[in-house]
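These are the residues of each chain, in order.
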Amino acid sequence: MERKLLTKDSYKLLISKIISGKYQLVAPVKVDALVDFRRIKSADEITEDYIVTVSSAKSVAFPRNEKLFGFEKNNKKLEQTDFDFDSIPHTVLLGVRPCDAMGFASLTSIFCWDSVDKIYTTRLERTIIIGMSCAKADASCFCTSVKGNPGNTAGNDLLLTKTPDGDYITEIVTEKGAKLVAEFYELFREDKGAEKEPLLANVPEVFELDGILAKINSKFDDEVFWSEQAMRCLGCGACAYVCPTCACFDIQDESHGKTGQRVRCWDSCGLSLFTLHTSGHNPRQNQGQRWRQRLMHKFSYMPDRLNTVGCVGCGRCSRACPVDMNIAEHLKSIIDN
Ligand code: SF4
Ligand code: SF4
């Protein structure tokens, strides 16, 4: 893979040039005591002091809520205003961790499964992902257990790895990444050949993925197992909202007088209303069944149907959970029981 070097001064210049050009730049910033992705206007807003951001970067391609089309009733006629593809911005997404970058492959497999979701694919096509390797990790990280690693290039267009001098080894992963480097060629130097591996965090493997994939289906009917795992789950949905690979959504029509819009918004299979029928029947009646769905979808249905695991081991769900549910521990217990 071709490599270049971006010095620390050139890095700041690159950010300034991106902001003043045709792209919007989304990057990690401090939001009170937390770090999350925001659109930025100056290089000084960016922070590198994070293991992962609170939310994943998925909203760039799959926003929390978005208008799919508008409608207006005129007498007895209904007029529709189609989705405006020109409104999708060209975006550079900076500081994405390798686990999050891998998450886009999971999302793409879902949004292009039986038919192609053109809104999602156009958003992603107009996004250039500049990842940042992980120099540190915490106890919630488990990317190496799901075939990732702290310096994984997959899913990135460019991957930066910070050297002890403060410069960035720049791996050019895709054509899109190469075009961005060509656009700002004067900022990139010849690579000095520094070793990348010693600069990466140590993320120990906490479970054997093949063992989980082989055993999870046999646990499906074990109601006690799932209800014990989910005993303290509040069904708040936080785990799904922060997850880079969760893609559940709801479609709603909102109208005011004669005008309205159809909106798509994030949802979660962990919420009790998600499967509630209008008859009042709910095929997933308790939290154990909902938790089972979450794990089965990621570790059985997605591998079977889409040939991908629906988890990249970012650990966000465990960090965000108000009652300390730990997905890696729960996955481990599938092998242990
Ligand atoms: S399930 Fe949890 S650990 Fe896995 S990708 Fe989603 S937030 Fe990250
Ligand atoms: S964040 Fe925790 S409590 Fe909330 S739905 Fe997820 S597992 Fe349950």
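Structure: above.
Chemist: Hey, could you run me through the overall build of the chain in this one?
Modeler: When helices and strands are tallied, the chain shows ten helices and twelve strands. Principal-axis analysis of the C-alpha atoms places the extent of the chain at approximately 65 × 65 × 40 Å. Burial status across the chain gives 35% buried among its 337 residues.

Chemist: How should the site of ligand 1 be read in this particular structure?
Modeler: Lining the immediate environment of ligand 1, one finds V242, C243, P244, T245, C311, V312, G313, C314, G315, R316, C317 and I327. Class assignment of the residues belonging to the shell around ligand 1 gives a composition of eight nonpolar, three polar and one charged.

Chemist: Looking at this structure, how should I read the site of ligand 2?
Modeler: Around ligand 2 there are 13 residues in total, and C233, C236, C239, C321 and M325 lie nearest to it. For the shell around ligand 2, a count of residues per class yields ten nonpolar, three polar and no charged.

Chemist: Whenever I open this one, the sheet that holds strand β5 (residues 77-81) confuses me. Can you help?
Modeler: One key point about sheets: their strands pair by backbone hydrogen bonds, in either a parallel or an antiparallel sense. Spatially, the four strands line up as an open sheet ordered β5-β4-β12-β11, and their pairing is antiparallel. Every other strand in the sheet has two partners, leaving β5 and β11 (249-256) as the edge strands with one partner each. Taken pair by pair, the neighbouring strands of this sheet meet at an average axis angle of 25°, ignoring direction. Of the pairings in the sheet, the one linking strand β4 (residues 65-74) to β5 comprises five bridges and is antiparallel in character. Counterpart to K73 in the pairing with β5 is L78.

Chemist: How should I be thinking about the pairing of strand β12 (residues 259-266) in this particular structure?
Modeler: Moving residue by residue along a regular strand, the side chains alternate between the two faces of the sheet. With seven bridges connecting them, β4 and β12 associate as antiparallel partners. Across the sheet, F71 pairs through a bridge with G260, a residue of β12. Here eight bridges tie β11 to β12, and the two strands are oriented antiparallel to one another. Paired with D250 across the two strands is C265, which belongs to β12. Following β11, the chain reverses through two residues before pairing antiparallel with β12; G257 in that reversal takes a positive phi of roughly 65°.

Chemist: Any chance you could explain the environment of K147 here in plain terms?
Modeler: The residue K147 is located in the loop between β7 (127-132) and β8 (158-162) in this model. The class for K147 is partly exposed, based on 14 C-beta atoms found within 10 Å. Distance from K147 to L209, taken between C-alpha atoms, is 8.2 Å for residues 62 residues apart in sequence.

The rules behind the values
Residues numbered from 1 in each chain as written. Chains lettered and ligands numbered in written order. Predicted model: local features only at pLDDT ≥ 70, side-chain atom pairs only at ≥ 80, totals over all residues. Helix = DSSP H or I, 4+ residues; strand = E, 2+ residues; numbered from the N terminus. Buried ≥ 20, exposed ≤ 12 C-beta atoms within 10 Å, placed from the backbone. Near = placed C-beta within 6 Å. Nonpolar A, V, L, I, M, F, W, Y, C, P; charged D, E, K, R; others polar. Pairing = 2+ DSSP bridges. Axes fitted to C-alpha atoms, helices over the stretch in contact; angles between N-to-C directions.

The quantities given are spatial measurements derived from coordinates; they are silent on function.
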